[in-house]
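Overview (structure and organization)
Chain by chain, the residues run as shown.
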Amino acid sequence: APDGDTPFWELPTLGGASNLRGYGVGRFTDESYLLFTIEEGIRIWEKEISKNRLILELAGFIDWGRVYGELGSGLSDEDWNFVPGAGVRMLLPDSAIVARLDVGLGSEGMAIFIVLGYPF
């Protein structure tokens, strides 16, 4: 149970390259959060270069989540944030490297993230 003494920088957050991708990093903060993510990738190109595979994918995604303070209030229909978006993935499966560019559209506008690794 929260004691009210937890510093705000230690509280759970939503927003950023890994969750709720239509908002800046840490945009929403509270004692708990709920997050649902659906993502589908479609391979559009593959090539072998010097015995290493290079794969390009297009991805569509939907992030839907909210933060909340009181136990049980997370399922109410208030304060949910819906983020549709799309991205491009460059995979080097033999080296376990994934580079991605994601563009999400939140209620405050567009957010763009370029990062290494999958969002989940």
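A brief report on the enclosed structure follows. (Residues numbered from 1 in each chain as written. Predicted model: local features only at pLDDT ≥ 70, side-chain atom pairs only at ≥ 80, totals over all residues. Heavy atoms only, no water.)

1. Topic: the sheet that holds strand β5 (residues 81–92)
Put simply, the rule is: DSSP bridges decide pairing: two strands pair if at least two such bridges lie between them. Secondary structure elements are taken from DSSP: a helix is a run of H or I of four residues or more, a strand is a run of E of two residues or more, and numbering for both begins at the N terminus. For helices, the axis comes from a line fit to the C-alpha atoms of the stretch in contact; other axes are also lines fit to C-alpha atoms, and the angle between any two N-to-C directions lies between 0 and 180 degrees.
Judged by pairing direction, the sheet is antiparallel, and its five strands sit side by side in the order β3-β4-β5-β6-β7 without closing on themselves. Each end of this open sheet is capped by a strand with a single partner; those strands are β3 (32–49) and β7 (109–116). Ignoring strand direction, the axes of neighbouring strands in this sheet form an average angle of 15°. Alignment of strand β4 (residues 52–68) against β5, held across 11 bridges, turns out to be antiparallel. When the bridges of β5 are listed, A59 appears paired with G87.

2. Here we look at the nonpolar core
Rule in force here: For the purposes of this section, nonpolar cores are sets of buried Ala, Val, Leu, Ile, Met, Phe, Trp, Tyr and Cys residues that join through side-chain atoms within 4.5 Å. Here the term buried applies to any residue with accessible area under 20% of the maximum for its type, exposed to any over 50%, and partly exposed to those in between, with areas from a 1.4 Å probe on protein chains only. In what follows, residue pairs with any heavy atoms lying within 4.5 Å of each other are defined as contacts.
Among the nonpolar cores identified, the biggest contains seven residues, and these are L14, L20, Y23, F28, F61, V67 and V83. Sequence-distant contacts of L14, that is, excluding residues within four places in its chain, are made with N19, L20, G24, G26, R27, F28, Y33, L34, L35, G65, R66 and V67.

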